[in-house]
Amino acid sequence: MDDNLMKKIIESNSKVNSMAKAILVRWKWDDNNIFRIFLGLRYGGTTETQFDLDQKYPASSEEKVTLLLHADQLANLNREEKISKIVNLLDDGLWKWDPSKKIEFIKVVNRFLGAGK
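Conventions and cut-offs
- For every chain, the first residue of the written sequence is number 1, and numbering continues from 1 along that sequence.
- Only residues with pLDDT of 70 or above have their local features reported here, since the model is predicted, and side-chain atom pairs are shown and tallied only from 80 upward, although totals for entire chains, interfaces and linings are computed over all residues.
- Values shown for side chains rest on all heavy atoms present in the structure; no hydrogens or waters enter the calculation.
- Helix and strand assignments follow DSSP, with helices taken as H or I runs no shorter than four residues and strands as E runs no shorter than two, numbered in order from the N terminus.
- Per-residue accessibility, obtained with a 1.4 Å probe over protein chains only, is compared with the maximum for each type, and a residue is labelled buried under 20%, exposed over 50%, and partly exposed between these values.
- Whether two residues touch is decided by their heavy atoms; if any such pair falls within 4.5 Å, the residues are in contact.
- Only the protein chains shown count as cover for residues, and the accessible areas themselves come from Shrake-Rupley with a 1.4 Å probe.
- Any pair of nitrogen or oxygen atoms within 3.5 Å is treated as a polar contact; in protein, a donor-acceptor pairing is required on top of that, and neighbouring residues in sequence qualify only through side-chain atoms on both sides.
- A pair of strands is considered paired only if DSSP assigns at least 2 bridges between the two.
- Geometry is summarised by axes, namely lines fitted to C-alpha atoms with helices restricted to the contacting stretch, and by angles between N-to-C directions that run from 0 to 180 degrees.

## Examining the overall build of the protein chain
Here comes step 1: Secondary structure assignment for the protein chain yields 4 helices and 3 strands.
Here comes step 2: Mapped from its N terminus to its C terminus, the protein chain presents α and β elements in the order α-β-β-α-β-α-α.
Here comes step 3: Burial statistics for the protein chain: of 117 residues in total, 32% are counted as buried.
Here comes step 4: Nonlocal contacts in the protein chain, meaning residues at least 24 apart in sequence, comprise 60% of its contacts between residues at least 6 apart.
Here comes step 5: If you sum the accessible surface of the protein chain, you get close to 8000 Å²; carbon and sulfur atoms cover 51% of it.

Structural data, given as C-alpha cells:
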C-alpha cells in the first residue's frame, strides 16, 4: 500500500475515533455484577481513541470507561445546556447505577465542568 494512502487512512481513523475532549464516564460493577458504581467523569485525551480505551480497560479490568459525549456534541451549548444534557444522559436508567449509592449528578457535573475550563 502507498505510504501516503496509509498515512491518510490513519489520520482519518484518528479523527473519527478521537476521544479528544470527549466526556468519559469512569465506573465499575458492584460485587454481584448487577449494578454500576459511578467513579467519576474525565475528559478524553487529545490523542486517545476508542482503541486506546479498549486496550487500557479490557473486559477483564475492574474499572471501566465509557464514552458519554463527543466534544462536538456540546460545542454549541451554553453551560446550563451542557449541564442539562450530561445530567440527563447520566440519569438514564440504562446505566443501572447502584441504588444504594445515590449520586447527585448535577453537583458532579457542575464540579466537572468547572474544573475542565
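Back to the write-up after that little detour.
## Concerning the side chain of Arg42
Here comes step 1: By the element assignment, Arg42 lies in strand β2 (residues 36-43).
Here comes step 2: When its relative accessible area of 18% is taken as the criterion, Arg42 is described as buried.
Here comes step 3: Here the side chain of Arg42 touches Glu48 through a polar contact of 2.9 Å, side chain to side chain.
Here comes step 4: When sequence neighbours within four positions are dropped, the list of residues in contact with Arg42 reads Ala22, Ile23, Leu24, Arg26, Glu48, Leu53, Tyr57, Val65 and Phe112.

## Description of the sheet that holds β2
Here comes step 1: Taken in spatial order, the 3 strands of this open sheet run β2-β1-β3, and their pairing is antiparallel. Both outer strands of the open sheet, β2 and β3 (63-69), are each paired with one neighbouring strand and no more. Within this sheet the neighbouring strands show an average axis-to-axis angle of 30°, counted without direction.
Here comes step 2: In the sheet, strand β1 (residues 23-29) pairs with β3 via 6 bridges, with the strands oriented antiparallel. Residue pairing across strands places Lys28 opposite Glu63, the latter belonging to β3.
Here comes step 3: The sheet contacts of helix α3 (residues 79-91) involve β1, β2 and β3, and relative to β3 the element is tilted by about 135°.

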